Amino acid sequence: VELPLAAARRSEVAAFIRRYAASLGDFLVGGARESGLEAAYALGRLAIAMNMGVIDISAVHGQALLSFVQSAGDVDACEEMTQRAGEFFSECMAAFEIVHRGYRETCAELGKVNRALRERAAELADAKELIESLAKARSAFLAEAGRRLSASLDFDQTLRTIADLAVPELAQWCAVDLVDPKTAGAIRRAAQSSAPGEVPLQEALSAGLSAAVAEKASRVVELEAMRGSRGLLCIPLLARGEVFAALELLGAEGGAWDAAAIDLAEELGRRASIALENARLLREAQEAVRVREEFLSLASHELRTPLTPLLIRLSIAARRSRGGEAVDPAVFEACLRQVHRLISLVNDLLDVGRIQAGKLELHFEVLSLTALAEEVRATFAGAYAARPLRFDRGREPALVRGDRARLEQVVTNLVENALKYSAEETPVDLSVSVEGRSAVLAVRDQGIGIPREQQKQIFERFFRAANAGSAGGSLGLGLFICRDIVERHGGAIRVESQVGRGSAFFVTLPLWAEPASAGALAEARNAP
Ligand code: ADP
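We now turn to the structure provided with this report. (Residues numbered from 1 in each chain as written. Predicted model: local features only at pLDDT ≥ 70, side-chain atom pairs only at ≥ 80, totals over all residues. Heavy atoms only, no water.)

Observations concerning the overall build of the protein chain
Across its full length, the protein chain holds 13 helices and 12 strands. In terms of overall size, the protein chain is more extended than a compact globule, its C-alpha atoms giving a radius of gyration of 52 Å where 528 residues would be expected to give roughly 24 Å. In terms of overall dimensions, the protein chain has C-alpha extents of about 180 × 70 × 50 Å along its principal axes. Within the protein chain, the proportion of its 528 residues that are buried is 37%. Averaged over its 62 positive side-chain charges, the protein chain has a centre that lies 9 Å from the centre of its 71 negative ones. (Helix = DSSP H or I, 4+ residues; strand = E, 2+ residues; numbered from the N terminus. Rg over C-alpha atoms; globule rule 2.2 N^0.38 Å. Buried < 20%, exposed > 50% of the residue type's maximum accessible area, 1.4 Å probe, protein only. Lys, Arg positive; Asp, Glu negative; His and termini not counted. Charge placed at Lys NZ, Arg CZ, Asp CG, Glu CD.)

Brief notes about empty space enclosed by the protein
As enumerated under the stated definition, the model contains one cavity of 30 Å³ or more in all. The space that makes up the largest cavity amounts to roughly 40 Å³. If you trace the largest cavity, you find it lined by Leu369, Leu407, Val410, Val411, Leu441, Val507 and Leu509. Breaking the lining of the largest cavity down by element, the ones donating at least two residues are helix H11 (404-420) and strand S12 (502-510). Among the elements that line the lining of the largest cavity, the one with the most residues is H11, at three residues. Taken together, the residues of the lining of the largest cavity break down into seven nonpolar, no polar and no charged. (1 Å grid on protein atoms, 1.4 Å probe; cavity = no way out; pocket = protein on both sides within 12 Å on 5 of 7 lines; lining within 4 Å. Points joined across faces, edges and corners; volume = space filled by probe spheres on them. Nonpolar A, V, L, I, M, F, W, Y, C, P; charged D, E, K, R; others polar.)

Observations concerning the site of the ligand
Lining the immediate environment of the ligand, one finds 22 residues, of which Asn417, Tyr421, Asp445, Ala465 and Leu479 sit closest. Arg464 is positioned such that a nitrogen or oxygen atom in its side chain is 2.9 Å from an oxygen atom of the ligand. In this structure, an oxygen atom belonging to the ligand sits 3.3 Å away from a main-chain N or O atom of Gly476. Relative to its free-state accessible area of 530 Å², the ligand is covered by the protein chains to the extent of 97%. Secondary structure elements with two or more residues in the shell around the ligand: H11, helix H12 (478-487) and S12. For the shell around the ligand, the element with the most residues is H11, which contributes four residues. Of the residues in the shell around the ligand, the class split is 12 nonpolar, seven polar and three charged. (Near = heavy atom within 4 Å. Polar contact = N/O pair within 3.5 Å; in protein donor to acceptor, adjacent residues only side chain to side chain. Areas by Shrake-Rupley, 256 points an atom, 1.4 Å probe, with all protein chains shown as cover.)

So, the pairing of S12
The element S12 is largely enclosed, with a buried count of seven among its nine residues. Two elements, strand S10 (residues 438-445) and S12, share seven bridges in a ladder whose sense is antiparallel. Its bridge partner being in S12, Leu441 is matched across the sheet by Val507. Sheet topology note: the strand S11 (residues 492-498)/S12 ladder contains seven bridges and is antiparallel. Its bridge partner lying in S12, Glu496 is registered against Ala504. (Pairing = 2+ DSSP bridges.)

Looking at H12
Of all 10 residues in H12, eight are buried; the element is thus mostly enclosed. Among the residues making up H12, those that are buried are Gly478, Leu479, Phe480, Ile481, Cys482, Asp484, Ile485 and Val486. Tucked inside the fold, the buried residues of H12 contact helix H9 (329-356), H11, S11 and S12. (Contact = heavy atoms within 4.5 Å.)

Some thoughts on the packing of aromatic side chains
On inspection of all chains with the given rule, the structure shows five aromatic pairs. Pairing Tyr20 with Phe88 gives two aromatic rings, centres 5.4 Å apart and planes at 90°, and the pair type is edge-to-face. Of the two residues, Tyr20 sits in helix H1 (residues 4-28) while Phe88 sits in helix H4 (residues 75-149), which places them 68 residues apart along the sequence. As far as the burial class goes, Tyr20 and Phe88 line up, both buried. Site record: aromatic cluster; members linked through ring pairs are Phe16, Tyr20, Phe27 and Phe88. For the cation-ring pair, Arg84 lies above Phe27, with the distance from its terminal atom to the ring centre recorded as 5.0 Å. One residue, Arg283, lies across the ring of Phe155, its end atom 4.6 Å from the ring centre. (Phe/Tyr/Trp six-rings, centres within 6.5 Å; stacked < 30°, edge-to-face > 60°. Lys NZ or Arg CZ within 6 Å of the ring centre and 35° of its normal.)

Describing the packing of H4 against helix H7 (residues 259-304)
Two elements in contact, H4 and H7, have axes whose closest approach is 11 Å; the angle formed by their N-to-C orientations is 15°. One way to sum up the angle between H4 and H7 is to call them roughly parallel. In the packing of H4 onto H7, the handedness of the crossing is right-handed. Packed against H4, whose contacting residues are Arg138, Phe141, Leu142, Ala145 and Leu149, the element H7 presents Asp263, Leu264, Glu267, Leu268, Arg271, Ala272 and Ala275 at the interface. (Axes fitted to C-alpha atoms, helices over the stretch in contact; angles between N-to-C directions. Parallel < 35°, antiparallel > 145°, perpendicular 65-115°, else oblique. Left-handed = near helix turned anticlockwise from the far one by under 90°.)

Description of the pattern of salt bridges
Tallying each qualifying case throughout the model produces 24 salt bridges. With its nearest N and O atoms 3.9 Å apart, the salt bridge here joins Lys128 to Glu132. Remark: Glu132 and Lys128 occur in helix H4; sequence separation between them is four residues, near one turn of the helix. The exposure class assigned to Glu132 is partly exposed, which follows from its relative accessible area of 45%. If you follow the salt bridges from partner to partner, you end up with Arg240, Glu277, Arg280 and Glu284 in one network. (Salt bridge = Lys/Arg side-chain N within 4 Å of Asp/Glu carboxyl O.)

Details of unusual backbone geometry
The amide bond that connects Val167 to the next residue, Pro168, takes the cis arrangement and shows omega of 5°. Here Lys216, not a glycine, exhibits a phi torsion of approximately 55°, which is positive. Here Arg240, not a glycine, exhibits a phi torsion of approximately 50°, which is positive. In this structure, Arg240 sits in the loop between strand S4 (232-239) and strand S5 (242-250). Given the relative accessible area of 67%, Arg240 is considered exposed.

Side note on the nonpolar core
One recurring pattern in soluble globular proteins is that nonpolar side chains are buried together. Counting 48 residues, the largest nonpolar core has Leu369, Leu414, Leu441 and Ile458 as its most contacted members. With seven residues, H11 is the largest single contributor of residues to this core. Setting aside residues no more than four positions away along its own chain, Leu441 makes contact with Leu369, Ala373, Val411, Leu414, Ser431, Val432, Phe505, Phe506 and Val507. In terms of nonpolar packing, the next biggest core, distinct from the first, is built from 35 residues, Leu159, Ala191, Ile235 and Leu247 among them. (Core = buried A, V, L, I, M, F, W, Y, C linked by side-chain atoms within 4.5 Å.)

Quick look at a negative patch on the surface
Residues Asp74, Asp76, Glu79 and Glu80 make up a contiguous surface patch of negative charge. Structurally, Asp76 can be placed in helix H4. (Patch = residues over 30% accessible without salt bridge, like charges linked within 9 Å, V, L, I, M, F, W, Y side chains within 5 Å.)

This is the structure:
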C-alpha cells in the first residue's frame, strides 16, 4: 500500500528533478549565464526546504548532466560542458554551504550559552550551599540561645545571659536596657556583654533607643566615631504589646547590618522577651506568695493577740461570779473592746477578700457627708472623752451619692488612724467642705507623720510605714479598703504629711447635683 504522503513526496521530487534538468539545460546550452547561476542557487535552497541531502542533489545533477553530455558533439565540447555543469552544481551547493555556516555559528552560540548555563548552575549550587550553611548556623545559634535562656528563671541572670548570647557571633558588644512602659523612657542599663570591647557613646545609644522604643521597631544607628563597626542595632523587647526593654548590638564587621543579620537579631530579641517575661512572672508569683505568707502569719498573730487577755479576764470574772463576788463592769467593757477589735479585724479581712474578688457591693443613696462625719465624730467623742476631737462643718452641707455604711467606714478608719498615730493630748480635726463640684472631707492630726517616700505605699495592701511601730490590731488594710471604696464612688483619697508634725488625709467625692426631674432623682437613688 502506498501512503498518500509518500506519493505526494515522490511527485514533488519528480518536479524538482525536471526543474533541475531544465535549469541546467538553460545554463549549458541555452546561454543563460547569470540567471542560470541564480537558478542553481534557488534550486539549492529549494532542495534544503524539501529536506533533500547533498547526495540526493548529486544524483539529480549526475542524471541531468548525463543527458546533455550524450548530446555533445566531441570530446572537447563534452569536457567544457562538464566543467560548466560543475559551476552550476557548486552554485547550487552554495545554498547548502550558507545554511551549514549558519548551523555552525548557531552551534557555536549554543556552546557559549551552554557554558554560561553551566557556570550559573555552579554559582547556584554554591549559593545554595552558602544559604544552607547560613541556615544551619542560624538554627544552631538559636538552639544554643534557647538552651542558655531556659537554663535559669532568675530575672537578673536571664538579663546577663541575653547580653552575652549575641557576642561574638552577631555583635562585638551587646547590652540590655530596661524601659519603663508607663513613661516610655527612663531607660536603665540592666546588663552588658562581659567580653571586653569598645562601648558606643551614650548619646548614640539614647537616640537609637528612644526611636526604637517609640516606633516599637528595630533601628540601626550609624556610628561614625567607631571604625570597624557596622553600626548599632537597637531592638525593642515587647511583652503584651508594650516595650519593657531594649537590646543594643554593636555590629562587628564592616558594611551595614544586612537583612539576614537583623532578622536573626530580632529573633533573638523575641526569645529574650519571652525568657524575661517568664522570669518576671515567676518573680511576681514568688513575691505574691511571700506577701501572702507574711500576711497570714501577721493576721493570725493579730487575731490571736486580743484572745489571750480576753480569756484571762473572762476566766477571772467567771470564777468571781461563781464565788458570789460582784464583777466590776469595767471588766466586761474591756472584754467588749477586745471583741470589737476582733470583729473589725475580721471585717477588714473579709472586705479585702471581697475587693479582690470584685464583690464589694455598694448601695447608693443621696446623703449628707457633713451629717455622716458629724455622727462618726460623736461616736468617737463618747469613746475617747479625753481626746480633743474638733469638727468644722463648713458653710453648706455637702450632699453626695454614696453608700452610707461604707462611707462611714472610711471616715471611721481615718479618725481611728489619726487617734492611733498621735499623742493623747493632741487634737484631731475633722472637716467637711464644698469645693467647686466636690465634697471634701479632711482628717488632720498632729501625730508621728508619714515618711515622704512611703506616702504612696500606705494605700497598698498590707503596707505599714516604717515609723508606725507595732501598734496592736494593725494589718495595713484600712487605707487600702478606704481607697477602693472612695474610688468606687468616683472620688479620690490623698495624704499630706510631715514626719513629727502630723498628717492630713483628704477624701474628695463628686458633689451630688440635683437632677432636672423627679424621675431622674429616683434613678439616681437606685442606680448602682
Ligand atoms: P493600719 O491598720 O496599719 O493602721 P492602714 O491601712 O489604716 O493600716 O494604714 C497603713 C499605714 O499608714 C499605717 O500602718 C501607718 O504606717 C500609716 N498611717 C495611716 N494613717 C496614719 C496617720 N494618721 N499618721 C501616721 N501614719 C499613718
